[in-house]
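Structure at a glance
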Amino acid sequence: MGFEVKYPILWIVQDNGNTVEINPPPVGANTYFSAGLRNDFMSLEDIKKTLATNLPITPIQIDNASGFEYTDSDYHESIWLLHSNKIYIIRTYPMSEDANQILSTFKFNN
């Protein structure tokens, strides 16, 4: 999908086409991380108008890609990035130290 991350060796990776989910082992699992492509939006402005109309948005830059982040009604941290004319979403729930560590290794490889 054009990106890579590092994650704990025992975590479970599921690739379902346009999204990769990375979760800790099932026992006591409370952390969630996913990243993927979103082909249903044409621009970051479309996303703001459609999904984040009443939410506080914070500009963000990851691996030279600009975007924004917000916490949605399900308490997911959502990060939207534009890179090489593609829109990516990264979601974490809840935002934990493990999820922060995974996010800190996110980089584009295309």
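Keep in mind that what you see is a predicted model, and the values were worked out from it rather than measured.

Cut-offs and rules
Residues numbered from 1 in each chain as written. Predicted model: local features only at pLDDT ≥ 70, side-chain atom pairs only at ≥ 80, totals over all residues. Heavy atoms only, no water. Helix = DSSP H or I, 4+ residues; strand = E, 2+ residues; numbered from the N terminus. Rg over C-alpha atoms; globule rule 2.2 N^0.38 Å. Buried < 20%, exposed > 50% of the residue type's maximum accessible area, 1.4 Å probe, protein only. Areas by Shrake-Rupley, 256 points an atom, 1.4 Å probe, with all protein chains shown as cover. Lys, Arg positive; Asp, Glu negative; His and termini not counted. Charge placed at Lys NZ, Arg CZ, Asp CG, Glu CD. Salt bridge = Lys/Arg side-chain N within 4 Å of Asp/Glu carboxyl O. Pairing = 2+ DSSP bridges. Axes fitted to C-alpha atoms, helices over the stretch in contact; angles between N-to-C directions. Polar contact = N/O pair within 3.5 Å; in protein donor to acceptor, adjacent residues only side chain to side chain.

Helix and strand content of the protein chain: two helices and nine strands. Mapped in sequence order, the helices and strands of the protein chain form the string β-β-β-β-α-β-β-β-β-α-β. A compact globule built from 110 residues would reach a C-alpha radius of gyration of about 13 Å, and the protein chain, at 14 Å, matches this within 12%. C-alpha atoms of the protein chain, sized along the principal axes, occupy 40 × 30 × 25 Å. For the protein chain, the residues scored as buried account for 42% of the 110 residues in total. Surface accessibility of the protein chain: about 6,600 Å² in total, with carbon and sulfur atoms responsible for 49%. One finds the centroid of the 7 positive side-chain charges in the protein chain at a distance of 6 Å from the centroid of its 13 negative side-chain charges.

Another point: the pattern of salt bridges. Pairs may arise between side chains of opposite charge once their charged atoms sit close together. On inspection of all chains with the given rule, the structure shows three salt bridges. Residue K107 is joined to E4 by a salt bridge in which the shortest nitrogen-to-oxygen separation is 3.8 Å. Of this pair, K107 sits in strand β9 (residues 107–108) while E4 sits in strand β1 (residues 3–4), and the two are 103 residues apart along the sequence. When its relative accessible area of 35% is taken as the criterion, E4 is described as partly exposed. One salt bridge connects E45 with K48, and the closest N-O pair in it is separated by 3.3 Å. Pair noted here: E45 and K48 are both in helix α1 (residues 44–50), with a separation of three residues, about one helical turn.

Looking now at the sheet that holds strand β8 (residues 86–93). The seven strands lie next to each other as β2-β3-β4-β8-β7-β6-β5, forming an open sheet whose pairing is antiparallel. Of all the strands in the sheet, the pair left with one neighbour each is β2 (12–15) and β5 (58–62). Ignoring strand direction, the axes of neighbouring strands in this sheet form an average angle of 20 degrees. Here strand β3 (residues 19–23) pairs with strand β4 (residues 32–37) via four bridges, running antiparallel. Residue I22 lies in a different strand from β4, and its bridge partner there is F33.

A separate point is the side chain of E77. Within the fold, E77 resides in strand β7 (residues 77–83). For E77, which is buried and forms no salt bridge, the nearest opposite charge comes from R91, at a distance of 9.6 Å. One polar contact links E77 to T71, side chain to side chain, over a distance of 2.8 Å.

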